[in-house]
Amino acid sequence: MMGVVCVYAYNIPEGKSGQQVVDSLQKQMDIIGATKTGNFCVDCETYQSHPQNAQQRSIHILHNSEQPATCFSVLDSGTVLVSDMLFDLIMNTMTQAKSGREGFFQQRKGFKIESRGQRYELADFVIKIGSVSLMANFKGVLIEVEYCPSQVPGDCWNLMKEILQSIVGNTADTPPSYIKTKMDSLYTPADTINQYLEHFNAFRKTATPGQQNR
Amino acid sequence: MDQMISKVSKFAPTNEFLLQGSIMENAHDVLLHRLRGLCDNSDSPFETFTDNEMIFSMKNTTITQALNLRVRHSLIEQDSWQVRYAGMAEMGDKNRPTMVRHVIDCSTSDNIVLFLNELGFRMDHEFVIKGFYFHKGRMKVTVSKIYKMNQPGNTENLEPFSTSSLVELSVVTQQSGGEGIAEDMKSFSEQLKPLVQLEKVDHRRLQNI
């Protein structure tokens, strides 16, 4: 069972480093009385069809430590396949070059991205502060807040807004764009994955200082 | 991801030991009772299954050797969907009692068919398979009949391929840890003789028929 999750990018103030921002957010969690409950990680790899395939697709393969035995595969068409971790092996089979022939899919180099950090619990909320890195380059900070007792975003948005605004400020005046279309539907773990993917795609487009954008 | 793959592939059950055979209609019930007596849970009723299996394949102009994935959908437990990759079964030499093949079984959400179509896979063929399954320790035995679907997508309008049933004995293990299992399977299959002759079947020869 899971609740409703909202994920926001934290605006890093000018002149501050990512680490400083994470430190001050963690301090804030201590002040509001949240308890540390370990680490979390959401990771994403991207694959592309072999140029000769009839169908040209990007596939994003994501994992979330909150659902440790699950693999999420998201197509650029929007279809999300939720499956066992063994799908990683099937993807590997489709990617592998075999006896001289190429694979049907290729892993996109330099696209591995993840959000990793501390997980907190505060009464009915789970809060995660993640630093995002693309191939070990720091890209930004993502804040995830989950309200566990509800399954419909529209029912709990006003409540979530209050805690979210106290952490990420007025970015949280409106629900995350992905959630806006789902206010009345049942929330699922795949919705969390889609929110992370939206942020990951945006981070991939931003240039890292001192490094060429790919 | 690469770390993930090596971790998953080390612990995931992906090594299948397999023996196959068939049984005529008139001896079918005798075999079922024999298996019930030999296998675990002999006092419970027969466990049955009815699955729709769809074989999806992908190839392109430069990669002509197709990659096949088999989707199984239970028609009894309608929420159950699985996708399986099965490598070529290795016969091994005469001393090896069973075939061995690399398999990846993966439970998925119900949109797997849409997902594979969007990825560029095309359905090659499909059939319905009905039968009984038994287990003894980690060995699995299925006795099943394959049905042709007269209309694509219609799992009601069926026609049996043959009056005989397929008998399969298999064990899926991790990459290491399969020692001795093939011997256990061999001795189990001895107990089913002369009803069924479970053997290694060279699949490469079947493809040329």
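Chain B is annotated in an unreviewed UniProt entry as Mediator of RNA polymerase II transcription subunit 18 of Mizuhopecten yessoensis. According to its UniProt record, chain B has this under Subunit (unreviewed entry): "Component of the Mediator complex." According to UniProt, the comment filed for chain B under the heading Sequence similarities (unreviewed entry) is "Belongs to the Mediator complex subunit 18 family."

An unreviewed UniProt entry lists chain A under the name Mediator of RNA polymerase II transcription subunit 20, from Mizuhopecten yessoensis. Reading the Sequence similarities (unreviewed entry) entry of the UniProt record for chain A gives the comment "Belongs to the Mediator complex subunit 20 family."

This brings us to the overall build of chain A. Of regular secondary structure, chain A possesses five helices and nine strands. Moving toward the C terminus, one meets the helices and strands of chain A in the order β-α-β-β-β-β-α-β-β-β-β-α-α-α. What you see for chain A is a C-alpha radius of gyration of 18 Å, in line with the 17 Å of a compact globule of 214 residues. On the principal axes, the C-alpha backbone points of chain A span a range of 60 × 40 × 30 Å.

Okay, the packing of aromatic side chains next. If you walk through the whole model with that rule in mind, you get six aromatic pairs over all chains. Their ring planes at 45° and their centres at 5.1 Å tell us that F125 of chain A and Y147 of chain A sit as a pair that is tilted. Of this pair, F125 of chain A sits in strand β8 (residues 125-134) while Y147 of chain A sits in strand β9 (residues 137-147); the two residues are 22 residues apart in sequence, bridging distant segments of the chain. The exposure class assigned to F125 of chain A is buried, which follows from its relative accessible area of 13%. Here F49 of chain B and Y133 of chain B contribute two aromatic rings whose centre-to-centre distance is 6.2 Å and whose plane-to-plane angle is 45°, an arrangement assigned as tilted.

Where interface size is quoted, it is often the accessible area lost as the parts come together. Residue and element names in this part refer to chain A. For chain A, the domain assignment lists domain 1 (4-38 + 115-206) and domain 2 (41-107). The C-alpha-based centres of domain 1 and domain 2 are spaced at 25 Å. Between domain 1 and domain 2, the contact holds 15 residues from the first and 14 residues from the second. The junction of domain 1 with domain 2 conceals about 1200 Å² of combined surface from both sides, 63% of it contributed by carbon and sulfur atoms. It is I193, L197 and R204 in domain 1 that bury the most area against domain 2; as a group they hold 39% of the surface buried on that side. Across the domain 1-domain 2 interface, the total number found is two salt bridges. For R119, the salt bridge goes to E66, with nearest N and O atoms at 2.8 Å. At the boundary of domain 1 and domain 2, one finds four residue pairs in polar contact (both at pLDDT 80 or more).

Here we take up the pattern of salt bridges. Counted according to the given criterion, the structure contains 17 salt bridges over all chains. Across the salt bridge formed by R119 of chain A and E121 of chain A, the nearest N and O atoms sit 2.8 Å from each other. Residue classification places E121 of chain A among the partly exposed positions, given a relative accessible area of 33%. Measuring nitrogen to oxygen at the nearest pair gives 3.2 Å for the salt bridge that ties E190 of chain B to K193 of chain B. One network of salt bridges, with partners in common, ties together E66, R119, E121, K128 and E144 of chain A.

Core analysis: the biggest nonpolar cluster contains 49 residues, and V145, M160, I167 and F200 of chain A have the highest contact counts within it. Top element by residues in this core is helix α3 (residues 153-168) of chain A. It accounts for seven residues. In this structure, this core is formed jointly by two domains, domain 1 (4-38 + 115-206) and domain 2 (41-107) of chain A, each of which donates at least three residues. Here V145 of chain A is in contact with V4, V5, C6, F125, V126, I127, M160, I163, L164 and I167 of chain A, once residues within four sequence places are set aside. Of all hydrophobic cores here, the second largest spans 35 residues; its members include F105 of chain A together with I5, V8 and I112 of chain B.

This part covers unusual backbone geometry. Residue P194 of chain B follows K193 of chain B across a cis peptide bond; omega there is 5°. Relative to the helices and strands, P194 of chain B resides in the loop between α4 (181-190) and α5 (203-207). You will see that A123 of chain A, though not glycine, has its phi angle at about 50°, which is positive. Note on placement: A123 of chain A falls in the loop between β7 (113-122) and β8.

Attention now goes to the state of the cysteines. Tallied over the full model, the rule gives zero disulfides over all chains. Here C71 of chain A stays unpaired: no disulfide links it, and the sulfur of C106 of chain B, its closest cysteine neighbor, is 7.2 Å away. Look at C71 of chain A and you get buried, because its relative accessible area is 0%.

Turning to the environment of Y187 of chain A, a few remarks are in order. Residue and element names in this part refer to chain A. With respect to the helices, strands and loops of the structure, Y187 is situated in the loop between α4 (177-180) and α5 (189-205). Given the relative accessible area of 3%, Y187 is considered buried. Beyond its immediate stretch of four places on either side in the chain, Y187 contacts M2, G3, V4, V5, Q151, P153, I179, T192 and Q195.

Our focus in this paragraph is the interface of chain A and chain B. Counting residues at the interface gives 38 residues for chain A, matched by 35 residues for chain B. Interface of chain A and chain B: buried area, both sides summed, is about 3200 Å²; carbon and sulfur atoms make up 70% of it. Taken as a group, L89, I90 and F104 of chain A account for 19% of the area that chain A buries against chain B, more than any other trio of residues on that side. Seen at the junction of chain A and chain B, the total is zero salt bridges.

Rules and cut-offs
Residues numbered from 1 in each chain as written. Chains lettered and ligands numbered in written order. Predicted model: local features only at pLDDT ≥ 70, side-chain atom pairs only at ≥ 80, totals over all residues. Heavy atoms only, no water. UniProt positions renumbered as here; feature names shortened; annotations may be inferred. Helix = DSSP H or I, 4+ residues; strand = E, 2+ residues; numbered from the N terminus. Rg over C-alpha atoms; globule rule 2.2 N^0.38 Å. Phe/Tyr/Trp six-rings, centres within 6.5 Å; stacked < 30°, edge-to-face > 60°. Buried < 20%, exposed > 50% of the residue type's maximum accessible area, 1.4 Å probe, protein only. Domains from an automatic or database assignment. Contact = heavy atoms within 4.5 Å. Buried area = accessible area lost by both parts, 1.4 Å probe. Salt bridge = Lys/Arg side-chain N within 4 Å of Asp/Glu carboxyl O. Polar contact = N/O pair within 3.5 Å; in protein donor to acceptor, adjacent residues only side chain to side chain. Core = buried A, V, L, I, M, F, W, Y, C linked by side-chain atoms within 4.5 Å. Disulfide = S-S within 2.5 Å.

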